[in-house]
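These are the residues of each chain, in order.
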Amino acid sequence: EVQLVESGGGLVQPGGSLRLSCAASGFTFSSYAMSWVRQAPGKGLEWVSAINSGGGSTSYADSVKGRFTISRDNAKNTLYLQMNSLKPEDTAVYYCAKYPSSWPQGYEYDYWGQGTQVTVSS
């Protein structure tokens, strides 16, 4: 059974940092691209970042470019999102999602985690 379990969310002040983790199990993690997607209160899903299976290729939404860094540790079956210089508009539930391929292709995911709440507020 595929499982994606996010952690690391919480309340942080503007300008602060958080690192999200996504522990993966039930599949060969190193063979699949992964992504982070978020949903702000009352809004739709927003793609944040993606990484290929090997970790050598990453992409970011313009809204987070230069502030967020996606990475993965295939030995630990874990995906990460380092978030720096956080802004109130980054407040959202953050989900990790699995692509059905080794390279990110659009927004076609086959599995999602349950999400972790990030709140940026003073």
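In what follows, the structure referred to is the one given above.
Residues numbered from 1 in each chain as written. Predicted model: local features only at pLDDT ≥ 70, side-chain atom pairs only at ≥ 80, totals over all residues. Heavy atoms only, no water.

1. So, the pattern of salt bridges
1) Next: Following the criterion strictly, the structure yields five salt bridges and no others.
2) Next: With a closest N to O distance of 2.7 Å, Glu46 and Arg38 form a salt bridge.
3) Next: The class of Glu46 is partly exposed, set by a relative accessible area of 30%.
4) Next: A relative accessible area of 5% places Arg38 in the buried class.
5) Next: With a closest N to O distance of 2.9 Å, Asp90 and Arg38 form a salt bridge. Placement of the pair is Asp90 in the loop between strand 8 (78-83) and strand 9 (92-98) and Arg38 in strand 4 (residues 34-39), with a sequence separation of 52 residues. An identical accessibility class is assigned to Asp90 and Arg38; each is buried.
6) Next: The network of salt bridges with shared partners includes Arg38, Glu46, Arg67 and Asp90. (Salt bridge = Lys/Arg side-chain N within 4 Å of Asp/Glu carboxyl O. Buried < 20%, exposed > 50% of the residue type's maximum accessible area, 1.4 Å probe, protein only. Helix = DSSP H or I, 4+ residues; strand = E, 2+ residues; numbered from the N terminus.)

2. Quick word on the side chain of Thr91
1) Next: In this structure, Thr91 sits in the loop between strand 8 and strand 9.
2) Next: Accessibility expressed as a relative area gives 16% for Thr91, which makes it buried.
3) Next: A polar contact is formed between the side chain of Thr91 and the backbone oxygen of Pro88, at a distance of 2.9 Å.
4) Next: Within the local environment of Thr91, its side chain forms a polar contact with the backbone nitrogen of Val120, the two atoms lying 2.9 Å apart.
5) Next: Not counting residues up to four positions away in its chain, the partners in contact with Thr91 are Ala40, Pro41, Gln117, Val118, Thr119 and Val120. (Polar contact = N/O pair within 3.5 Å; in protein donor to acceptor, adjacent residues only side chain to side chain. Contact = heavy atoms within 4.5 Å.)

3. Some points on the sheet that holds strand 1 (residues 3-7)
1) Next: Judged by pairing direction, the sheet is antiparallel, and its four strands sit side by side in the order 1-3-8-7 without closing on themselves. One side of each edge strand has no neighbouring strand; the edge strands of this open sheet are strand 1 and strand 7 (68-73). The sheet shows a mean angle of 15° between the axes of neighbouring strands, direction not considered.
2) Next: Note that strand 1 and strand 3 (residues 18-25) share five bridges and pair antiparallel. Its bridge partner being in strand 3, Glu6 is matched across the sheet by Cys22. (Pairing = 2+ DSSP bridges. Axes fitted to C-alpha atoms, helices over the stretch in contact; angles between N-to-C directions.)

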